[in-house]
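Survey of secondary and tertiary structure
Now for the letters of each chain:
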Amino acid sequence: MDWITVLQHLGLPELVKKVVEFLLTKACSEVSRIQGVEDEIAKLRRTHERIQSLLVDAEERRHIEDESVKSWLRELKTVGFDADDLLDGFRTHVDVFKHAKEAPSRKRKRSWYDVPIPSLGVDTRLVRRYNIATEIVKIQSRLDEIYKRRKNLQLKPSDGRQRNEGSNMAVFFPAVASLDVSKVVGRSKQCDSIVAALKVDSDLPPRVIAIYGIAGIGKTTLAQLVFNHFSGRDREEVSPNPSGSLSGVDRHFEMKIWVSLPKVCDIARATKEIIEGITGEICKLPSLNHLQDCLKKCVKDKKFLLVLDNFWAEDFKFWEILRLPLLKGAKGSSVLITTQNKEVSRLVATMPLHLEGLEMNDCLKLFTALAFPQAEEDVDQLKDIGERIVERCQGSPLATISLGKLLRSESNVDNWEIVLNEMLALEGSANSSTRPILPSLMISYHHLNYQLKQCFTYCSIFPDNFEFDKDQLVRMWIAEGLIQQNGRRPPEAIGSRLFDYLLWMSFFERSTKPCSNGTICKYTMPNLIHDLARLLSNNELLVMEDNELNPSSGQFRYASLLHRKCVPIMFEKIYNQEHLRALKLCNESKIDVAGIPKDLFGKLKYLRLLDLSNSGIEKLPDSVGKLVHLRYLGLSETNVEELPESVEDLYNLQTLELNFCSNLSSLPEGTSKLVNLRHLGLHLDWEQINDLRRMPTGIDRLTSLMTLSRFTVTNYVDGCNLRELKNLDLRGELCICKLENVTNASDASEANLGEKRIDKLMLRWSGETSNVQQGANTSNVQQGVNICKEVAERLQPYKYLKCLWILNYPGSKFPDWLENIGFSSLEMVRLSCSGECESLPSLGQLPKLKHLYIEGMKRLVNLKNMIKGFLSLETLTIKDMPILNMLCKFKGNFPKLSKVVVCQCPKLRRPKDLPRRIELIIIPQSTDNVDGNDVSSDLSHSA
């Protein structure tokens, strides 16, 4: 008997019967929908794939001009995002449930999918299924509306200019180094003029030369040519010999500093940048007065060349205050400024230089070298079209390079004409928003494939002139789902290739600021390119600058918070943006963040990326565990001491950045539950590295882990030991600390370091505080020393290692693998001894070794026969060797050695055969040690 028959037998009034019938029908419908959630999810997944295919088609094959069509596509993309959120949440629920079922012993403190509702007495799984079913209905309803609009729009091929599908322009991936882009043309005359002016000494305060001109015209490149002339720096982007007059290196200036300024910059920030450019270290002075005093000391009586790239300040008082400390420099000191503002150059410069576009012949020469890397026949027609394209580059090297690379090796005449016609169309467009962007750059963007476009426009989340790290950006792309898997290749490899292509296409450029080891490791976007990215992402990016929103309304997916003022960040202003996928705090200097509101993560529950790096935050609220979609959590350079245990609920987390968190004492006990974690960044300055109090157990369960910057061995019974590294496919940097806690040498063997692609390795004992040094008697101490030696012997690293530090080693002899393995890639070695070592290992030839540091070998008398044959060695540092009386034999042994640093070696005699080209730096232990018989008198000045 069905429920309708039952109602008829109950004899209810007709109205009541109809109400009950309606409610029961509704309930059955809802139950049916709840039961069929899996089927609806499968349908939604197929719909989402079709949405993505349509968006890819629109981006890759059409240049849409109709605003109604653009609006329709934006709505479709919005629904696609929401469908992705729902699908991701459902997949996470299924995966977490399966993972918990397979490992019942690992109970979670609180799971995101198991929120109890005791007052209702309801099965929470039923509630979840009902909510998912309801959301699917809403999304399907929105899709139906969008489909109706598509029919009303009657979209047809003429709505967009279709690209030739045979073009290879969007998929061409050359190696970054496959083309020599260092060739600079058409600037030798201007370069010679500036160099000649800088060589003329003057008794006036620092002379100021300003190069001004529009964005993309080559101001920075010209400044780099001048800078390289006086410094001899090898940069890939600029030629070390742009004209015959600039061959070789001119040592006219004692000190050279390059500083790139952000578009909005106060005096304190500019002064701090100059100090950091001089010292190569982070400056943490609190006030402008302290900064100016420091800068005065840095430049006092020194003849310097200071380049201020991208100078914007129009207020003359700004320059007057900034230049005050520079007046302490020696006569002949100079400042070279690049600026887009003619008024700035007029106010501050004694010699303003207006940089105009390249001559047509120079542009053609540059374009041809890029578009035709090899001489080919039958290209006359292409060259004719190329001339017309170059004419429209307005003399801009950036535009010319971008289009030359776009058309590189492209032999299809039709595709060249497509590019030309697109430029003509953009030039005549009534849309004024594209006018500030050179048409060629927009064309270069249009011809990227969909994946590259997504990755490029995502970079609009960075502020102007922001320096970013390649690996971190690739991980951000992965977190946002912008990297499509391709077979077995890891997403990091695919993302690296995409990055290299954008770099090759000049959408990115290497930063002019060197890292501490002298290599360029950061990247920026040229100003014009950054403007293009912001223009293209204006419907998806929300910028909050000093608590002011721009734009003030809309539904956005990414938020960039730029904060300079000493006032609290008003996170509440973005609470209504509940569908944000990325929230990045972009601080120009480390600002205090009083705290993160406890309800922030409840409002922004769809975040894939949360980056609060470079802030004063000390604690994350426990509610961070609600961010079930989160893939990237950035807390680098913050004051966090520990993370909330709720971090273990971030099942999807792929990247956890805790670099330079010097206060961090431990990781959450549930870290092993983050089974999707690929990168755990715990990097610290190796000179000031701190040990974690302990590592949580179960690290070996993180089988996807590729990056583990720091690993602390614990001596607890249930602590983390070296065996847990066995199955991890680690690469990059690894610092293993507290090795004195290894009591079983077999643990070191099982760590299997030789099979891990580690290129920077530190093996660190705790020195005098180690267990080895605290034995109850001599036999215990000796036993501990023997264990340490055996442990070190079994930690044989990857043979292509580039950097090796062995610190506070308590053994009497360094491991044999230092002598027996041919480390052909090793560039830096640092050996520090806290025991009774009397000799160095015979390191062999080591053809690439550049830096050698030896410390604490208190029984070593001389190095005469221990250091030799290093053909690439550039620096040698000897420290804390109280009875050392003789260095190595220098004559004929070290052709590239330029610096020898000696510290706390009171018995050392000055080498008689030290060549004059080698700088000798002496650092005595204290001034009391300086007398006529010690190293300070023997080595009183540089050779």
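1. Topic: the packing of aromatic side chains
- As enumerated under the stated definition, the model contains 23 aromatic pairs in all.
- Considering the side-chain rings of Phe367 and Trp416, the 6.0 Å spacing of their centres and the 90° angle between planes classify their relative orientation as edge-to-face. With Phe367 in helix α12 (residues 360-371) and Trp416 in helix α15 (residues 413-427), the pair connects residues that are 49 residues apart, well separated along the chain. Considered together, Phe367 and Trp416 belong to a single accessibility category, that of buried residues.
- Judged by centre distance (6.2 Å) and plane angle (25°), the ring pair of Tyr501 and Trp504 falls under stacked. Pair noted here: Tyr501 and Trp504 are both in helix α19 (residues 491-504), with a separation of three residues, about one helical turn. Here Tyr501 matches Trp504 in class, with each residue buried.
- Here the aromatic residues Phe462, Phe466, Phe468, Trp477, Phe499, Phe508 and Tyr523 are joined through ring pairs into a cluster of three or more.
- Looking at Lys405, its charged tip hangs above the ring of Trp504, at a distance of 5.4 Å from the centre.

2. A word on the state of the cysteines
- Inspection of every chain in the model, using the stated rule, returns zero disulfides.
- No disulfide involves Cys363; its sulfur sits 6.5 Å from the nearest other cysteine sulfur, which is in Cys393.
- Relative accessible area serves as the criterion here: at 2%, Cys363 is assigned to the buried category.

3. Observations regarding the packing of helix α14 (residues 397-406) against helix α16 (residues 439-446)
- In contact at an axis separation of 9 Å, α14 and α16 are set at 30° when each is read in the N-to-C sense. When the axes of α14 and α16 are compared, the pair comes out roughly parallel. As α14 runs across α16, the sense of the crossing is left-handed. Contacts between α14 and α16 pair Leu398, Ala399, Ser402, Leu403 and Leu406 from the former with Ser440, Leu441, Ile443 and Ser444 from the latter.
- Within the contact of α14 with α16, the residues separate by chemical class into six nonpolar, three polar and no charged.

4. Let's talk about the pattern of salt bridges
- Considering all chains together, one arrives at 36 salt bridges under this definition.
- Across the salt bridge formed by Asp88 and Arg91, the nearest N and O atoms sit 3.0 Å from each other. A residue pair is termed a helical-turn pair when its members lie 3 or 4 positions apart in one helix, as Asp88 and Arg91 do in helix α4 (residues 67-102) at three residues.
- Accessibility expressed as a relative area gives 7% for Asp88, which makes it buried.
- When the shortest N-O distance is used, the salt bridge between Asp880 and Lys858 registers 3.0 Å. Residue Asp880 is located in the loop between β25 (875-879) and β26 (899-903), and its partner Lys858 is located in the loop between β24 (851-855) and β25; the two are separated by 22 residues in the primary sequence.

How each quantity is defined
- Residues numbered from 1 in each chain as written.
- Predicted model: local features only at pLDDT ≥ 70, side-chain atom pairs only at ≥ 80, totals over all residues.
- Heavy atoms only, no water.
- Phe/Tyr/Trp six-rings, centres within 6.5 Å; stacked < 30°, edge-to-face > 60°.
- Helix = DSSP H or I, 4+ residues; strand = E, 2+ residues; numbered from the N terminus.
- Buried < 20%, exposed > 50% of the residue type's maximum accessible area, 1.4 Å probe, protein only.
- Lys NZ or Arg CZ within 6 Å of the ring centre and 35° of its normal.
- Disulfide = S-S within 2.5 Å.
- Axes fitted to C-alpha atoms, helices over the stretch in contact; angles between N-to-C directions.
- Parallel < 35°, antiparallel > 145°, perpendicular 65-115°, else oblique.
- Left-handed = near helix turned anticlockwise from the far one by under 90°.
- Contact = heavy atoms within 4.5 Å.
- Nonpolar A, V, L, I, M, F, W, Y, C, P; charged D, E, K, R; others polar.
- Salt bridge = Lys/Arg side-chain N within 4 Å of Asp/Glu carboxyl O.

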